[in-house]
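# Tertiary structure, described
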Amino acid sequence: MVSLTTCINNLELKNPFILASGIMDEDAGSMKRILQEDAAAVVTKSIGLHERNGHSNPTFLELEHGLLNAMGLPNPGIDSYGSEIKKINNDNGKIIGSIFGSNVEEFEILSEKMQNYGVNALELNLSCPHAKGYGLEIGQDPEEINKIVRAVKQSVSIPIFVKLSPNVNDICMLAKAAEQGGADAIVAINTVKAMKIDIETKRPILANKIGGYSGKAIKPIGIRNVYEIFEAIKIPIIGVGGITKGEDVIEYIMAGASAVQVGSGIYYNGIQIFTQLKEQVIKWMTQNNYQNIKELIGVAHK
Ligand SMILES: Cc1cc2nc3c(=O)[nH]c(=O)nc-3n(C[C@H](O)[C@H](O)[C@H](O)COP(=O)(O)O)c2cc1C
C-alpha cells in the first residue's frame, strides 16, 4: 500500500496535491468541487484589503507552450470573501488563504481576518509580477520579506507559507529571509515575467503589455528554483509551475518539494487532473518500489 501523506511543518495533507492560487478559486463552489477530486488542499485567489477589478482585457492568452496572464489581482476584497470561505466544507481537505498587501500593516490585517474565517494556513503572495505596488515589487527585498513575515507570525497562530517569484537574482536569499522571519514553508514559483507581441498590429497583446507565463514551459524553471532553495533552507518547500502529469510531481519532490500546487494543468486537463496525478504517482511509486512519498523528498541531492 503506497502512502501519499505529507506534512508542511505541522499541517498534515492526505496527499501532496494542492490547487494553486488564481485558478478556479474565487468562489466556494469551484473550491469544493476541487476538494472532492483528489486535491488535499486549495489555495484561494489572492485577496487584498479592498475590491479590485484587475487589468483591462485582454488579460489572458494561450501560447504555444504555456499560458500568459496579467489579471492584475482582481478580487472582491477581504471583507466580502469571508462568506465564500465559510461555505466550503473542509472535511475533504485543507484551505490555504492567499493574501497580498502593499505593506506590513495591510498584511497584518489581512492575515488576522483570514485566520478568523477559518483557513488552515496562510500563503503570502510576495510574487505577483504584474500588479503595481504589490507582489514582486515588495517581494524582492529580503528585509521587507523578513519584516512582513515576522509581523504576520505575531498576528496569527496558523502556519504561514511565503510564495516567491523566479523573477529575481537570488531566490535563495529571499527564502532565507522568509525562514528567518518565521515562515513555515516556501512556495516556489509564481509566474515568469513574459510578453507576446502581435506582429500584424505590431502591439503587445495583453492590455498590461507584460504578464506572467505559466504552464508546461516553466517547469524546468520551477524545478531549478526548488532544487536551489532546498539547499539553502530547512523549512519545507511547496513546488509549483508546469505540472501536468505524475512524473512532473515526482521530479518536484526529488528536487526537494514536500508538496506541489497545480494551476495551468487544470486548463489543459480539467479538474480531474488531481485524480490523474494521484493515479500516476501511485503507479510510478509501485513500479519503482517506493511505499512512502516522503522517502522521495530531495533524493536528487544525494
Ligand atoms: C490565470 C492565473 C491567475 C493567477 N493568479 C494568482 C494569484 O492570484 N495569486 C498567486 O499567488 N498566484 C497566481 N497565479 C500563479 C499560480 O498560482 C502559479 O504560481 C503559476 O501559474 C505557476 O503554476 P502553473 O504552471 O501550474 O500554473 C495565477 C496564475 C494564473 C495562470
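Further up the page is the structure itself.
First things first, this report covers the structure right here in the doc. (Residues numbered from 1 in each chain as written. Predicted model: local features only at pLDDT ≥ 70, side-chain atom pairs only at ≥ 80, totals over all residues.)

This part takes up the environment of leucine 124. Take leucine 124: it is sitting in strand 8 (residues 121-125). Residue leucine 124 is classed as buried on the basis of its 28 C-beta neighbours within 10 Å. In sequence terms leucine 124 and phenylalanine 161 are 37 residues apart; their C-alpha atoms lie 6.2 Å from each other. Leaving out residues up to four positions away in the same chain, leucine 124 has contacts with Ile99, Phe107, Ile148, Val149, Val152, Ile160, Val162 and Lys163. (Helix = DSSP H or I, 4+ residues; strand = E, 2+ residues; numbered from the N terminus. Buried ≥ 20, exposed ≤ 12 C-beta atoms within 10 Å, placed from the backbone. Contact = placed C-beta atoms within 7 Å.)

Two elements in contact, helix 3 (residues 104-117) and helix 4 (residues 142-155), have axes separated by 9 Å at closest approach and are oriented at 35°. Where helix 3 crosses over helix 4, the two elements pack in a sense that is right-handed. Taking contact as the criterion, the partners of Val104, Phe107, Glu108, Ser111 and Glu112 in helix 3 are, on helix 4, Lys147, Ile148, Ala151, Val152 and Ser155. (Axes fitted to C-alpha atoms, helices over the stretch in contact; angles between N-to-C directions. Left-handed = near helix turned anticlockwise from the far one by under 90°.)

Here 8 strands make up a closed barrel; going around it, the order is 3-4-7-8-9-10-15-16 and the pairing parallel. Ignoring strand direction, the axes of neighbouring strands in this sheet form an average angle of 25°. Across the face of the sheet, helix 5 (residues 171-181) comes into contact with strand 9 (160-164) and strand 10 (185-188) while running at roughly 165° to strand 9. Contacting strand 15 (237-240) and strand 16 (257-262), helix 7 (residues 246-255) runs over the sheet at an angle of about 140° to strand 16. (Pairing = 2+ DSSP bridges.)

Okay, the site of the ligand next. Taken together, 28 residues form the shell around the ligand, and within it Ala20, Gly22, Ser214, Gly263 and Ser264 come nearest. Here the shell around the ligand is built from residues that sort into 11 nonpolar, 15 polar and 2 charged. (Near = placed C-beta within 6 Å. Nonpolar A, V, L, I, M, F, W, Y, C, P; charged D, E, K, R; others polar.)

For the rest of this paragraph, the subject is the pairing of strand 16. In terms of burial, strand 16 is largely enclosed, as 6 of its 6 residues are buried. Pairing between strand 3 (residues 17-19) and strand 16: 3 bridges, direction parallel. Note on strand 16: the bridge partner recorded for leucine 19 is valine 262. Handedness of the β-α-β unit built from strand 15, helix 7 and strand 16 comes out right-handed. (Right-handed = clockwise from strand over helix to strand, strands pointing away.)

A few words now on helix 9 (residues 273-287). Here helix 9 spans 21 Å end to end across 15 residues, near enough to the 21 Å set by a 1.5 Å rise per residue. Those residues of helix 9 that fall on the buried side of the exposure criterion are Ile273, Phe274, Leu277, Lys278, Val281 and Met285. Buried residues in helix 9, looked at end-on, bunch into an arc of 140°, giving them a common side. Exposed residues on helix 9 whose side chains face more than 90 degrees from its buried face are Glu279, Lys283, Thr286 and Gln287. Against the buried residues of helix 9 lie strand 3, helix 1 (28-36), helix 7, strand 16 and helix 8 (265-269). Just downstream of helix 9 lies asparagine 289, where phi reads positive at about 60°. (Expected span 1.5 Å × (residues − 1). Arc of directions from axis to C-beta.)

Across the sheet, 4 strands lie side by side as 5-6-14-11; this open sheet has antiparallel pairing. Both outer strands of the open sheet, strand 5 (60-62) and strand 11 (192-194), are each paired with one neighbouring strand and no more. The average undirected angle you get between the axes of adjacent strands in this sheet is 30°. As defined by bridge partners, strand 11 adjoins strand 14 (residues 211-214) across 3 bridges and the pair is classed as antiparallel.

Following asparagine 57, the chain continues to proline 58 via a peptide bond in cis, the omega torsion being -5°. Tracing the sequence through the fold places proline 58 in the loop between strand 4 (41-43) and strand 5. Cis geometry marks the peptide bond from alanine 188 to isoleucine 189, where omega comes out at 20°. For isoleucine 189, the location among the structural elements is in the loop between strand 10 and strand 11. Positive phi, close to 65°, is recorded for lysine 209, a residue that is not glycine.

The next point concerns the pairing of strand 10. Residue alternation in strand 10 divides its side chains into two sets, Ala185 and Val187 and Ile186 and Ala188, and both sets are buried. Examined bridge by bridge, strand 9 and strand 10 share 4 bridges and lie parallel to one another. If you follow leucine 164 over to strand 10, its bridge partner there is alanine 188. Where strand 10 lies against strand 15, 3 bridges are found, and the strand directions are parallel. Along strand 15, the bridge assignment pairs alanine 188 with glycine 239.

So, on to the packing of helix 6 (residues 219-232) against helix 7. One way to put it is that helix 6 packs onto helix 7 with a least axis distance of 8 Å and a crossing angle of 25°. Judged by the inter-axis angle, helix 6 sits roughly parallel to helix 7. Only Asp248, Glu251, Tyr252 and Ala255 of helix 7 make contact with helix 6, whose side of the interface consists of Lys219, Ile223, Val226, Tyr227 and Phe230. Residue composition of the contact of helix 6 with helix 7, by class: 6 nonpolar, no polar and 3 charged. (Parallel < 35°, antiparallel > 145°, perpendicular 65-115°, else oblique.)

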